[in-house]
Amino acid sequence: MSALLKLVQTEMRLFVRDPVSFTLGLLLPAVLLIGLGAVPILREPSPDMDGVRFIDYFAPSVIVMSVAVIGLTSLPAVMAGYREQGILRRMQTTPVHPVKLLAAQLIVNLLAALVATVLVVVSGRLVFDVPLPGNPFGFAVAFVLGIGAVFALGMLVAAVAPTARAASGIATVLFMTVMFFGGVYLPRFMLPEAVARIGDYVPPGVQSLLDTWNGDAPDVVQLLVLAAVALAAGAGAARMFKWE
Amino acid sequence: MAIIEVKDLVKHYGTQKAVDGVSFTVDEGEIFGILGPNGAGKTTTVECTEGLRTPDSGTVSVMGLDPHRDAKELKQVLGIQLQESRLPDRLRVGEALDLYRSFYRNPADPAKLIDSLGLGARVKTPYGKLSGGQQQRLSIALALIGNPRVAVLDELTTGLDPQARRDTWELIEQVRDSGVTIILVTHFMDEAERLCDRLAVIDSGKVVAVDTPAGLTARVSAEQRVRFRPSAEFADALLLDLPEVAAVERNGAQVIVSGSENLLQAVASVLARNQIVAADLRVEQVSLDDAFVALTGKSIEN
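Rules and cut-offs
- Along every chain, residues carry numbers that run from 1 in the direction the sequence is written.
- Naming scheme: in the order in which they are written, chains are lettered from A and ligands are numbered from 1.
- Given that the model is predicted, a residue must reach a pLDDT of at least 70 before its local features are reported, and side-chain atom pairs must reach 80 or more before they are shown or counted; all residues, however, enter totals for whole chains, interfaces and linings.
- Excluding hydrogens and water, the side-chain figures rest on all heavy atoms present in the structure.
- UniProt positions are given in the numbering used here, feature names are shortened, and annotations may be inferred rather than shown by experiment.
- Strand pairing is defined by DSSP finding a minimum of two bridges between the two strands.
- Each helix is a run of H or I in the DSSP string that is no shorter than four residues. Each strand is a run of E no shorter than two, and both are numbered from the N terminus.
- Note on method: axes are straight lines fitted to C-alpha atoms, helices fitted across the in-contact stretch only, with angles between N-to-C directions ranging 0 to 180 degrees.
- Computed over the protein atoms alone on a 1 Å grid, cavities are sets of points where a 1.4 Å probe fits but cannot get out and pockets are open sets with protein on both sides within 12 Å along at least five of seven lines; a residue lines them when it has an atom within 4 Å of a point.
- Grid points are joined across faces, edges and corners, and a volume is the space filled by probe spheres set on the points.
- Residue type decides the class: Asp, Glu, Lys and Arg count as charged, Ala, Val, Leu, Ile, Met, Phe, Trp, Tyr, Cys and Pro as nonpolar, and the leftover types, Gly among them, as polar.
- Orientation is classified from the angle alone, with under 35 degrees giving roughly parallel, over 145 giving roughly antiparallel, 65 to 115 giving roughly perpendicular, and any other angle giving oblique.
- A crossing counts as left-handed when the near helix is turned anticlockwise from the far one by less than a right angle, and as right-handed when that turn is clockwise.
- Two residues qualify as a contact provided that any one of their heavy atoms is within 4.5 Å of a heavy atom in the partner residue.
- Residues belong to one nonpolar core when they are buried, are Ala, Val, Leu, Ile, Met, Phe, Trp, Tyr or Cys, and are joined through side-chain atoms within 4.5 Å.
- When accessible area is computed with a 1.4 Å probe and restricted to protein chains, residues below 20% of their type maximum are described as buried, those above 50% as exposed, and intermediate ones as partly exposed.
- In this scheme, a helix's expected span is set at 1.5 Å multiplied by one less than its residue total.
- We define a polar contact as two N or O atoms separated by no more than 3.5 Å, with the added condition that, inside protein, one atom must be a possible hydrogen donor and the other a possible acceptor, whereas residues neighbouring each other in sequence contribute only through side-chain atom pairs.

Identification of chain B as ABC-2 type transport system ATP-binding protein from Glycomyces sambucus is taken from an unreviewed UniProt entry. Here chain B is described in UniProt, under the heading Subcellular location (unreviewed entry), as follows: "Cell membrane".

Looking up chain A in an unreviewed UniProt entry gives the name Transport permease protein, with the organism given as Glycomyces sambucus. In its Sequence similarities (unreviewed entry) section, the UniProt entry covering chain A states "Belongs to the ABC-2 integral membrane protein family."

Below, the structure is given as structure tokens:
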């Protein structure tokens, strides 16, 4: 088996064995959606939200949460830890460059975010009749760009943080920011208008997810901002990454 | 035949010269030691040899390969055990070997390696649950999984208990017997003395001497010393008359005789002729420790 495949397989095992990343990143978003849906009033159309049910309105924020947990807590901590523990350096002693280990990490975390999102969409649909994304192509584009931006930020943190501890610290600040603007802490209709509008552009772009979920076209400027963040942070991470 | 040639290696960190003109050659099939105090430049020297660091100047050839130009090729045949390198805590022993095995063209049989390293019962144990000695043995196993022709082992018994150290030494000898050339970086005298065919003593970034352990001690002095407590009084002249004896000292009831080769035999036979019994008899030779102090002007411990 090729080294990269073997690395992906290994990193996948480690991801599943880590109770934090597995439960918080993979299962909690779907569990949270189901838990909220269990509250009857959240399943009723609400005049506060133009007659939309809270559960429909909140589903994209749950996806924000899963992307943020995986991309901004799991990813940078693991990568900075691999550097701190000399795991990247050990790989430098082999014919396979440690960049492949980072690639495997990214692939596994992307898969995890994808699985978490599918769990949210499917459980919402099966349990509470939350409709499937109405503009699936637009939703996929928004999701890919959003996740790209968040993961690139996570990689940037891992690249520059001197220790795993520092990486967690910096990433936590980003994590809270993303969660706040993504409407996870407070539903966005409760946020001041200006804050909500800023939130439209904060990765992973909750508004684009919501628009495409509702069957509308995503806002092009929002998507461009996400793409720009993904490219800039990704390029920065690649340039500045310290191997030891 | 030389399998590794290092010539005039120089490496700075900032303004500090970590390695200052190091040269040595390693012959195929030997255990070559690099001995020196902490911070002497040992690790930097081997890391330049492995291609993990770029020297400022000097040349390195390992099996005819250039560690930079031929990095990928070299790493196929070079096994490296780093100082302080861990694995993910939840990665199991068998999985680690299986993973690293996939990095090489002609890997070793992991089952055999696990057995010969005494990790057979630990195949399913996660790395984080292994003892320090077991982690170290796994680290050696990973350095050997690619079937290397040369293995570089850096401070491999640091932090191990005495039994684990002796077991590790035995293992290294087995590896050498299987035809692998070994570079052993150490600051332990007993380890160097026990394992190494030849040694480079490094201090402050420079090679002070390259020789066999016996050759190094002989360079310093061939002097021997015999200590004992005599059962009866005798005059120093009794011993000083012997050609082998250079000096006689007394320290309370203890007599210390120093001299050249065959000192013990000469002293013992004179004492026996005079019916003197030598209690607590001890022979002391110059140790590698003494040689190190004489060569570098300092003790290895600091």
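Engineer: Kindly report on the sheet that holds strand β13 (residues 278–285) of chain B, identifying the contributing residues and their values.
Structural biologist: Residue and element names in this part refer to chain B. Taken in spatial order, the 4 strands line up as β11-β12-β10-β13 in an open sheet, and their pairing is antiparallel. If you trace the sheet from one side to the other, it starts and ends with β11 (245–251) and β13, each paired once. Pairwise comparison of adjacent strand axes, ignoring direction, gives a mean angle of 20° for this sheet.

Engineer: Tell me about empty space enclosed by the protein, residues and numbers included.
Structural biologist: If you walk through the whole model with that rule in mind, you get 3 cavities of 30 Å³ or more. Of the pockets and cavities examined, the largest cavity occupies roughly 70 Å³. Lining the largest cavity are 13 residues, with E11, I87 and L101 of chain A together with P88 and L99 of chain B positioned closest to its centre. Elements represented by at least two residues in the lining of the largest cavity include exactly α1 (3–17) and α4 (87–92) of chain A together with α3 (93–101) of chain B. Top contributing element to the lining of the largest cavity by residue count: α1 of chain A, with 4 residues. By residue class, the composition of the lining of the largest cavity is 11 nonpolar, 1 polar and 1 charged. The calculated volume of the second largest cavity comes to roughly 40 Å³. Lining of the second largest cavity is provided by R90, T93 and T94 of chain A together with I80, Y100, Y104, S139, L142 and A143 of chain B. Of all the elements, helix α5 (residues 132–144) of chain B adds the most residues to the lining of the second largest cavity, at 3 residues. Residues that form the lining of the second largest cavity fall into these classes: 5 nonpolar, 3 polar and 1 charged.

Engineer: Describe the UniProt feature "transmembrane region" (unreviewed entry) in chain A, naming the residues involved and giving the relevant values.
Structural biologist: When the UniProt feature table is mapped onto this chain numbering, "transmembrane region" (unreviewed entry) sits at residues 20–42, 62–82, 102–124, 136–159, 166–186 and 220–241 of chain A. Strand forms 0% of residues 220–241 of chain A and helix 95%; the C-alpha atoms that close the span are 31 Å apart.

Engineer: Any chance you could break down the sheet that holds strand β4 (residues 57–62) of chain B for me, citing the residues and the numbers?
Structural biologist: All names here are of chain B. Here 3 strands make up an open sheet; going across it, the order is β2-β1-β4 and the pairing antiparallel. At either margin of the open sheet sits one strand with a lone partner, and together these are β2 (16–27) and β4. Taking each pair of neighbouring strands and ignoring which way they run, the sheet shows an average axis angle of 15°. Relative to β2, strand β1 (residues 2–13) runs antiparallel, the two sharing 9 bridges. By the bridge assignment, I4 is partnered in β2 with V26.

Engineer: Talk me through the packing of helix α8 (residues 213–220) of chain B against helix α11 (residues 288–296) of chain B; I want residue IDs and the actual numbers.
Structural biologist: Residues and elements named next belong to chain B. Viewed as axis vectors pointing N to C, α8 and α11 meet at an angle of 60°, and their least axial separation amounts to 9 Å. With respect to α11, the axis of α8 lies oblique. Crossing angle aside, the handedness with which α8 passes α11 is left-handed. Contact residues: α8 offers P213, L216, T217 and V220, while α11 offers L288, A291, A294 and L295.

Engineer: Report on the UniProt feature "domain: ABC transmembrane type-2" (unreviewed entry) in chain A, specifying residues and quantitative values.
Structural biologist: Sites flagged by UniProt as "domain: ABC transmembrane type-2" (unreviewed entry) map to residues 20–244 of chain A. Span residues 20–244 of chain A is 73% helix and 2% strand, its end C-alpha atoms 26 Å apart.

Engineer: Help me get a handle on the nonpolar core, residues and values and all.
Structural biologist: Ranked by internal contacts, the top residues of the largest apolar core, which has 114 residues, are I63 of chain A together with L97, F103, L138 and I182 of chain B. When residues in this core are grouped by element, the largest group, 17 residues, is from helix α3 (residues 54–84) of chain A. In this structure, L138 of chain B is in contact with L87, V93, A96, L97, L119, Y127 and L130 of chain B, ignoring residues within four places of it in sequence.

Engineer: Could you give me a rundown of the layout of surface pockets, with the residues and numbers involved?
Structural biologist: Here the largest pocket defines a volume of roughly 540 Å³. The wall of the largest pocket is formed by 21 residues, among which D18, A77, V78 and Y82 of chain A together with R90 of chain B lie closest to the centre. Elements supplying a minimum of two residues to the lining of the largest pocket: α1, α2 (19–37), α3 and α5 (99–128) of chain A. Among the elements that make up the lining of the largest pocket, the one with the highest residue count is α3 of chain A (7 residues). Grouping the constituent residues of the lining of the largest pocket by class yields 10 nonpolar, 7 polar and 4 charged.

Engineer: I'd like to hear about helix α10 (residues 220–240) of chain A, residue by residue, with values.
Structural biologist: Residue and element names in this part refer to chain A. Here α10 spans 30 Å end to end across 21 residues, near enough to the 30 Å set by a 1.5 Å rise per residue. Taken together, the buried positions of α10 are Q222, L223, L226, A230, A233, G236 and A237. Where α10 is buried, its residues touch α6 (136–160) and α9 (206–213). Between a side-chain oxygen at the N-terminus of α10 and the backbone nitrogen of V221 the separation is 2.9 Å; the capping residue is D219.

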